[in-house]
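One letter stands for each residue in the lines below.
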Amino acid sequence: DGIRDIGVTGVQTCALPICTPVEVAVGVLKRNDGTVLLARRPEGKPYAGWWEFPGGKLEVGESVEAALARELLEELGSTIIGSEPLTMIEFSYPHARVRLHFRCIEHWQGEPVSREGQALTWQHPARIEVQPLLPASLPVIEQLAASSA
């Protein structure tokens, strides 16, 4: 399959020259005051303790919108009212290559709460106070900060 375990729990590396990227739906929940929701990756996952936008892998045959709706309901207990495409980024981490489909969400039902033990925080993109941030999130944060200036 081109993936090999490198001996770190939950971390694998791509052994093929070109690996098929993992498709991931990512939600940028944005409040009226411009703050966005960040979640801290829980223990046992690659990059545990790093901050990211919530979301998750697409299942076979699932659209980005459906995956995002499912993931945010599972992770946060929130139902998306609608979302708009923001950007798509391909990024290679040591353990995987990912294709991240970022979608902006300004309307949802149910205040987001941690349902999987992850810490949550609302941050203004121009003044992020939590660290470290997953590298693939940085261009989106910079884009959001620039558009709110």
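Everything discussed here concerns the structure shown above.
Anyway, here's the lowdown on the structure attached to this text.

1. Considering the pattern of salt bridges
The full count for this structure, using the stated rule, is 10 salt bridges. Note that E23 is salt-bridged to R99, the shortest N-O span being 2.3 Å. With a gap of 76 residues between them, E23 in strand β3 (residues 22–29) and R99 in strand β8 (residues 97–109) connect regions that are remote in the sequence. Classification of E23 as partly exposed rests on a relative accessible area of 23%. Measuring nitrogen to oxygen at the nearest pair gives 2.8 Å for the salt bridge that ties E62 to R70. Across the pair, exposure class does not vary: E62 and R70 are buried alike. Among the charged side chains, a salt-bridge network with shared partners connects E59, E62, R70, E71 and E74.

2. Topic: unusual backbone geometry
Peptide bonds are trans in most cases, and residues, glycine excluded, mostly fall at negative phi. Look at the link from Q131 to P132: it is a cis peptide, with omega at -10 degrees. Residue position: P132 is located in the loop between β9 (120–123) and α2 (138–148). At Y47, a position not held by glycine, the phi torsion is positive, near 60 degrees. Its location among the elements puts Y47 in the loop between β4 (36–40) and β5 (51–52). You can call Y47 partly exposed: its relative accessible area is 23%.

Cut-offs applied
Residues numbered from 1 in each chain as written. Predicted model: local features only at pLDDT ≥ 70, side-chain atom pairs only at ≥ 80, totals over all residues. Heavy atoms only, no water. Salt bridge = Lys/Arg side-chain N within 4 Å of Asp/Glu carboxyl O. Helix = DSSP H or I, 4+ residues; strand = E, 2+ residues; numbered from the N terminus. Buried < 20%, exposed > 50% of the residue type's maximum accessible area, 1.4 Å probe, protein only.

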